[in-house]
Structures are given as C-alpha cells and as structure tokens.
Amino acid sequence: VTRRLPLIIGGVATVVVIGLVVLVLTSGGTGTTQSTATVVAPPPSATVAAATTTPVRSTVVLAMGHPGDPANTFYELFERSAGRSAWTLATPPGVADNGGLVVGHSASGSLTAGFLPSGALTFSVLATSSDGGTTWAPGEVPGALAPWPDALASDQGGQVYAVLDRPSPVVVGSGAGLATWSREATVSQLTASTTHCSVTAVTAVGVTATGTPVVGTRCTDSTGAGLFVRAPAGGGTAGAGRTGWTYVGAGVGGSTPSTTTVLRLQAVPGGVAGVVERQTGPTASVTGVWAGGGAGSAAPSASAPLAVPAGWSVRATAIGGGGGSSVAVLLASSSGPGLRIGTLAGPGAGWVTAGAVPAGTTAVATVGGETDAFVPSGSTLGVWASTAGSPWRRTATITVPIQYGSSS
Amino acid sequence: MPGMGGPPGPGDSSIVAEFHHALALQGVLILALLTVLFVAWNQLRSMQYRRAVARGERFDRQTRAGDPEPAGRRFLRIAFGLVWLFDGMLQLQSGMPVGLPTGVIQPAATTSPGWVQHLVNSGLTLWERHPATAAASTVWIQVGIGLLLLVAPGWAWSRGAGLVSVGWGLIVWSFGNAFGGIFAPGATFLFGAPGAVLFYVVAGALVALPAAAWVGRRLGRAVLAASGALLLGFAVLQAWPGRGFWQGTVGRSPGTLTGMVDQMARTTQPRPLASLLSSFASFVGRHGWGVNLFAVAALAGLGVALLVGARAEPERARRLLFPTMVALAVLCIADWVLIEDFGFWGGVGTDPNSMLPFLSVVTGGYLAATRPAAAVGVVVGVPSTAPDVRADGDVPDGSRRVAATSGGPATDDDAGSQEPARPLEPVDPVVVGAAAATGTDPTVRADEGPPGSPARPAPPTRRSWWEGIDSRLAAQVAATVAAVGILLIGVAPMAAAAIDRTADPQIAVATDGVPNVTTGPAPAFRLVDQTGAAVSLADLRGYTVVLTFLDPVCTTDCPIIAQELRTASDLLGGAAAKVRLVAVVANPVYRSVQTVDAFDRQEGFDSQSNWLYLTGSPAALEATWYAYGVEVQSSPAGGMVAHADVVYIIDSHGTIRRILDSDPGSSDATTESSFSGLLASQVSQVQQQ
C-alpha cells in the first residue's frame, strides 16, 4: 500500500509562513535593547540629613561611605557641645545603621538615637546618651521606626515618643526607662480629629520644653501643615474630641489643596519648629513653621514658602541655632552639582538664600550665628563654616573608621 | 563573620569529587549492565554454535540484505547520535557541576526578556541544588540518547529514540540555552541562534516521523525550504540597521560581531586557535561593513537557493542543490571555526554550537530530496532488520515487506516508488551458512538437497526457538537495551533530584569546609532564655544540642543561620524532639531579653518548641564566648558587631561531636538549604553514635 505523506508541514507556502513566524519571533530582538529589563537598585534610605541645635549641643546625621551601595552606606552622628567649635563622631555602637539613624533631643540635653531597619533586621532598637554621645545605653522600641529624621523625640523626664512604621503606622510613647510603651496616636485618630487634613502618614514627632507632644503628618488635599498637639489631660482643647489630639495646622501658602509633609519637628524656645514641604503637581516649596505647646500658646505661624526649583529636592535640614528658632534647608539639584541654602532666622523672618555652597555638601547645621556645611567623601568628612554670609572656610577634616563590608 | 564563605567556584574540589563519585557509581552500574548483556548475547551465540556443530553444520551468519532506511534519515540518525555522544562526553568536564549554571546558562539568558530569565532560573534551581547529580545525570542521558539513535534496530525503536531526542532537546533548548537567544536583542545566526539544540530537536522529530513520511521527496523539500526560509530570516536580521553588525568598531569599542569574536578569542583554548580568532577579530574590526555585507549576501543567497531548489524539478534541483550544499558547508564550517570557535572550549562548553547541527539537518533534507526512499519495500511497524525467522524458516506475515504497488506512474513526490520491490525470502540463517559453505543455493532448504537429487531425511532433532535468532539483531537489541539502561541511569537520579528540595550538603561543604569531627567535653554555661528562665548546659543533658552564637540585631548572617537551624530541625522529623536548637547572644550591647524576644518574633521562632535563645550578663556572655572560642567585636561608625559563625553539635552526654563553620557568605536559597541538609545529617550521625 502506498501511503501519502502525513506531513504536518505541507507545501512550500506553509514553510514560508513558518519562516516568517521565525522572523517575527527573532525580530523581537532587533535594533534596540530597550526591551531588556534593567533592574535599578533602590536608593538607600530616603532619610534626609538632619541637624539640630539645642541650647546644650548640636547634632547632625548624614550618610557616609559609598552612597550608591546600601550595604556600605553608613549613617554617622556627629555632636558639637555648646561652647565648643569641634564636631566629634558620636554614632552609637552595637547595630549596623545602614538603614538610617534618627536622633531625638530632650531639653535636658540627653540624646535618643534610633536605628532604622536594614538588611535582614526588621525592627529598630534605641540608644540613649546623657553625655553627648560619649557613652550609650541600649533600649528597645516595639517595632520599626519610620524613616523620617524626627521619628524620635524625648521630654525632659526621659519619656520618649517614637513614630513607627511597623507593625503599624503609629506614634508610641514610652514609660520610664523605655521598659513599657503605649500607643499615643494613629493615622486614623489624627484624621478623625480634623477636616482640614487627610492624614496619610505620621512623619515627625516633637516635644515642647513643657513636655507637650506635637505630631507632624503628611496630609493630602490640604492647605495647611499637618501639625497636631496633644490635648491636655481632662480635655478642653477645641477640636480634640475623643481622639486626644488637636489639629493646629499652619498655612503653608496658597489656597490650592496640596500634599503637605512635615519633614522636621524639633523643640525650640516657646514650642516646636518645623520644616514643611508642599507639593502641588510638579511644583514644590518648603516653609518654616513654629507652633506653641497647646492651649494658651501662641498660634502657629509659618514663613513664606521657598520655591524648590523643578528637578531639585530637599537634601538636608537644620533646626535651631541663631536665636534658637532658626530653620535652614539645603536644596540640591537632582541632575547636577547645584546647591542652595535657605535660612530663616525665626518666626516672621524671611528666607535668606545663598547659592555659594561648598561642592558636595550633603548636610548643614546652624550653630549660633554660624552655618556649617558637611562634605563627606568616603570615610572622610570635610566641615566648612560661614558666619553671616562670609566666605566658606574649611574648619575640620574628620576621618571616620567606617568598616566597609561589615554589613554584607 | 559575614562574608567569609564564598560560593563554590567551577573548580571546587569537593563538588568535583562528588561529581566524579556519582559518575563512577553510575559507570559501575552501566558496566555491570553491559557485562550482563554481553554475557547473554555471547551465551546465545555459543549455544547456537554448539548446536550447529552438533548437527554437523557450519556456524555462520548471513543477515538479510536490503536495509530500507532512507539515506536522509540514516544520516540524521547517525549524525545526531554522534553529536549527542559528543555532547555527553563534553558534560564530563570537571567544571560542569558548578560552572554550567554560572558560566553558560545564566549568561545565555542575561540579555533575554524577563520571562525567559524567569523560566531559565526556575530550571537552574534544580541544577544548583544538586550540581553533581545533575551533571552526572546529564552525561548519561546524552550518552544514552546518542547510543539509542545509533543502535536502535528498525523504525519503531529509532522513532522512539527520535522522540527522546526531541524531549531532552527541548528541555536543554529552553532551560539551558534560553531558547538559543532568539528573544535576545543581539540574536544572530552567525553566533548560534536559534540554538544548536533546536536542530537536535528538529533532527529528532524527523527521525521520529513514520516510515511513510520518508517516501518520496516531499519531506526533503520541506526541510530544505524551511532551512532556506530560516537563512533568509537571519539574513534580514543580519542586515537590520542599528544592531551594530555593520560597524567593525563603534568609537573605541568593538562592533557587535567584532566583540563576539574577540570574546571567543579570550576563551581558554589552544594558542594557535586563539591567535586565529584574534586575527579574525582584528580583520572584522577593520572591515566590519564588508564582512557583514558578505554574511548578509551569503545567508540570503543560500536561503534563496535552498528555497528554489526545494521547488525545482528533480534533475534541476540536483544541479542547483549540490553546489548550494557545498557552499553552505563552507560557510558553516568557516563560521564554526572563526566565529563560534568550535563551541566547546573553555571548560564548560556543552555542544559544538549550531553550525554543524544545522548543516547536518540540511544535509538530511538534501539526501531526502535527492535520494528518496521507495514507497514499496517499506517495512511498517516492525524492525527493518528483524529476520523474524522462525525455527521452521518461515516469516510471520506482519514482517513481510509491503509489496504494494504505487498504482500508477510515479509522481515527483513518490519518485522512489519506481524502484522495484524486493520481496523478503524466508531464510534459515543456519542453513544459509551451511549452504554457503557448500556452494549450494541458500534458498533451498537443507532437507531438500540440491535440485534434482533425492530428498534426504530430516534431522533427528527439532530446532529450538533460540536457534533462529539472528545474532546481529540480538547484538542490536542488547545494545539498545544498554542504551535505554544508560538513559534510565541518567534519568532516575535527575528525576529524584527534581523532587528533592533540599540542596546537596556538598554545596555547604564547598562553602564552609568539612565539618570538624571532634570529641571533647562541652564547656558549661549558665544563662537565661528568651523568657528569662535560667538555662544551663547540664539542663540539656539527654538532648542533642545544636549550639550557635547569634547577634539579635544582626542585619545579615544571623537570621539566615537561625532559619537554617530551623530547617535542619524540620528535616530531622520526629528525631527533632530530642534536639535543642540553642543560640547564645553575640552582641555585647544589645543583649536584653526584650531584644532577644524581638529577634524571635522577627524570625517566627516564638512558636519553635525546641528553640532556646540565651543571654545573660556581660560577664556570663563573655565567659561563654571565650569557652567556645567565639570572638565578638563591636564595630565603630555604624558597623555591625562582628563574631564567628560557628555551630557546635553536642551529644546527649555533653560531648562536642561536630564543629561546623556556619558562615552563609553570599548565601541564597540553595546554599541555605544545603547547610540545613548538612547540619541535619550531622545531627543524625551524632544521635546514632
């Protein structure tokens, strides 16, 4: 029996079609490499470099090491006691701080540092120091600190407030000795306390010299800064309702609803000072805000906004110095070496901007009438100073014993 | 300390030793199988010989003439059988267990789309977990396929061999070759696209076609046309602007083709070959445009010639296709040498790359188109060389040649049908031998005598069934059984490895070294556990203690080690009830019960019943660290506390039996799984002591 060929492929036409299919398949690789997925490593912690000056001391936290490599980026704490001119390394030991470091100041001068999670570590631990960072004692916090510069604050009596990211976004307050913690505020509680701000995150906590906690938030569809003050015991604060928190807000310019974020919140004489970023579409600005400590205190005030040019961002902030209530921001171009410092002397003052900033500056601090600029390069930190607009001068070079590879 | 243990390299001695051990073990099995088969075959021949001598007959063999296998199919079967054998031999290279994933498979997928990388990585997991097993299995699978293609008797067996070739080829092509790079931006025929193994698959599929498919020219024409279309398609790709093939150099960087050749020149290989490639790379660098023009023209010209030849009348096709085949062979061999660099140098080469396989497929198509099989004389459904001669000299109906007629003039598609049928005559092979020796007509039965002579009486004894078995067929069947056996000896461990999710302990040994077997009293300690309860080593008598030192705020190794310990405990099953996993805090600052508890919650150990995380005063901890030789150092400037990564296995009497370096280094799921398996096996051994 002669059999006809039971070929799957029949006819030259079919073969040509298959050839075309092969061509189409392979042409997926023609001409361009754009189809190749490129995985970009996420940047290291979004923590903004932060400096704080109190009557007792100044501190600054900034990233050093290899900023492009998260495992070799280390956040260092430098301290400068009042009356001294030198900055010294005061990073607390015992934990890798590649995720970031936040520092809270108390009116008595003690420091509370918190380590942000990194690598396989998913919770935070604290370190407290009463001698300006010479010695540290360990402490615990019930979760992971939120990655904001002022996620920690402490009062004169040693009570610490912390903004947590996990296990849920919440503000917690400690008992004596950090042994016990209690929930102080949640996003939903804060949102329920006002109609002016839809809270999406708690971003800062501060404690006034009188011990009143103040919470800063990110608000959407708001014209004011998300500032909330704890109602005094027994209630009585207008608007506090059942939540225990009162929205005090602060106009940050414009009537167009925007997203506002409290970047900083630190105790200053008479209350707290903060830095608020306002984002309206592609337009951004920063504003200095000052708030009192609850009922009977002065109404919150805000500076005029300082526009953040397109393609620029806030790289660092500083609070304190000057008369004790000054605010400074370091703006940086995302695509080039451009740097600009804006300074507010205090409530009611206008922005003073300076475009001449030492190249590579990643942090600034205001100490008395002096502005210090910090220029890290690997393990070396250059410190520059300028007083009242005078030319910058290099005042110190600090070598930091970074242990590269210790976190990888 | 973190980062001390690196991943095993391609030449890692412990994994190579494991690979050689697996090969030797399987080799012994195969040797035993071959021995049994040879003895059986030889026994059969001996019995046949003795019986023939007893009958006063000469023992001689004559197999039937006239193998009906078409020339094109036979060429493909033998060519790709040899190629699979060669590939199997390449898999014997010591670098394969570790080097294949990192040196071949992953680079092949690097520039492919994400879904290809994902697929490749999923397949890589098996190899990375069981490198020695996978590498050894691959050797035998490929050797088995090659042998099966070469020795399989008749259509049914060899079609099966073709199917096996297709199946394994598809696995290799997708998981091992990332689809030959056809989805990658730089795909080019000159460098191996669409992948050598795809041609193995095509050849296997052609061999697997039924006998009727090989009748006439149609199959050969289809193969030639498909090959022509493929060449044309790749000519278009080669000419496509913006892919870097038209430039020998781009600025100071080499162009695409120059870079490829230059890269191959740097492969470890004989120096003259490296020099030749370097010279060619320089030539391409200087004349990139001209070289690419030649490549495009050659690919397009040969593609058109194959397409036209496939459609032409037989005589014209023969005239056109022969020079085309010669030109194609020259191009393929030149490309194989000058661009693909033979494909198998460097220590982890897995095949001779695409040119020879492609040329072989086209040659098979050419032979099928120019030397077609006849429609008649095709044995359907039984081995072609099987005599199926029964003791009475008859042939079963089913094995007779199909003496059919085409029923009309031959067409182009079945031109071979004009070949006259050669009906198979039933022949008694033993009688044939005797007849041949005496010069008589072999078709005449021995008991009939020569024509015209009086009939002789029949032999006094009846012939046994085995006397009629053709020894050549028996040899073929034995070889086929051997090939299938070799294949299964490769497949079985590979299948077992596929379902075993615990990586080979050998990987951990390669990373951290061999566990130290020791005997000595475990130093006593008295600390508190995660609940604040006091715990001493003496309290743990009766349990096998797995003791390690962990920093509760560690960001790298410690959480990994803790999870490895837990996985080891899981692997021990019921025996874990007599095991205590004990960690001692290795941080001089963060050592509180609260911090330890936070670590336990982070790692999900709060419900691990045999887990103890011990801490204590600085003095108690330092004493314990010192006693166990664990150095703990606090690092400045935001650095993590440094400490030794070590695991002690202490038996139920308080004696240290094993010390393991537990540094996970740059760990991944495979190394972690491997360490858990190693630890579990060591604990089991200690428990059984």
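The numbers attached to residues start from 1 for each chain and follow its sequence in the written order. Just so you know, chain letters begin at A and ligand numbers begin at 1, following the order they were written in. Predicted model: local features are reported for residues with pLDDT of at least 70 only, side-chain atom pairs are reported and counted for 80 or more only, and whole-chain, interface and lining totals are derived from all residues. Side-chain metrics rest on all non-hydrogen atoms present in the structure, leaving aside hydrogens and water.

**Q** Looking at this structure, how should I read the overall build of chain B?
**A** Secondary structure follows DSSP: runs of H or I at least 4 residues long count as helices, runs of E at least 2 residues long count as strands, and numbering of each begins at the N terminus. Looking only at helices and strands, chain B has 20 helices and 12 strands in total. The buried label applies to any residue whose accessible area, calculated with a 1.4 Å probe on protein chains only, is under 20% of its type's maximum; exposed applies above 50%, and partly exposed to all values in between. By the burial criterion, 54% of the 689 residues in chain B qualify as buried. Within chain B, counting contacts between residues at least 6 apart in sequence, those at least 24 apart form 79% of the total. On chain B, roughly 28200 Å² of surface is accessible, and the fraction owed to carbon and sulfur atoms is 62%. Every residue pair with non-hydrogen atoms within 4.5 Å of one another is taken to be in contact. For the area figures, the Shrake-Rupley method with a 1.4 Å probe applies, and any residue is considered shielded solely by the protein chains shown.

**Q** Looking at this model, I keep getting lost on the sheet that holds strand β29 (residues 380-387) of chain A. Mind explaining?
**A** The pairing of strands in a sheet comes from backbone hydrogen bonds and takes either a parallel or an antiparallel form. All names here are of chain A. If DSSP finds at least two bridges between two strands, the strands pair. One open sheet accounts for four strands, arranged β27-β28-β29-β30; its pairing is antiparallel. Sheet topology places β27 (363-367) and β30 (393-399) at the edges, where each strand pairs with a single neighbour. Here the strands of the sheet are splayed against their neighbours by 25° on average, with no regard to which way each runs. For β29 and β30, the ladder comprises six bridges, and the chain directions are antiparallel. Residue pairing across strands places L381 opposite I398, the latter belonging to β30. Each axis is a line fitted through C-alpha atoms, taken for helices only over the stretch in contact, and angles between the N-to-C directions span 0 to 180 degrees.

**Q** Hey, could you run me through the pairing of strand β20 (residues 283-291) of chain A in this one?
**A** Across a regular strand the side chains alternate sides, sitting on one face of the sheet and then on the other. All names here are of chain A. Of all nine residues in β20, eight are buried; the element is thus mostly enclosed. Bridge analysis of strand β19 (residues 271-280) against β20 gives nine bridges, and the strand direction is antiparallel. When the bridges of β20 are listed, G274 appears paired with V289. The hairpin turn running from β19 into β20, its antiparallel successor, is two residues long, and G281 in that turn takes a positive phi close to 60°. Relative to strand β22 (residues 306-308), β20 runs antiparallel, the two sharing three bridges. By the bridge assignment for β22, V286 is matched with L306. Pairing of β20 with strand β21 (residues 301-302) involves two bridges; the strand directions are antiparallel. For W290, the partnering residue across the bridge sits in β21 and is S301.

**Q** Hey, could you run me through the confidence of the model for chain A in this one?
**A** Reading predicted coordinates in detail is not appropriate for stretches of low pLDDT. Residues and elements named next belong to chain A. Scored from 0 to 100, pLDDT records how confident the predictor is in each individual residue. Summing up the model confidence of chain A, the mean pLDDT is 82 and the portion of residues at 70 or higher is 84%. Predicted confidence in chain A is weakest over helix α1 (residues 12-26), with a mean pLDDT of 51, and strongest over strand β4 (residues 88-89), with 95. In this model residues 24-46 is a low-confidence stretch, pLDDT under 50, and it forms 30 contacts with partners more than four residues away in sequence or in other chains. Contacts from residues 235-240, a stretch scored under 50 in pLDDT, to residues over four places away or in other chains number 10 contacts.

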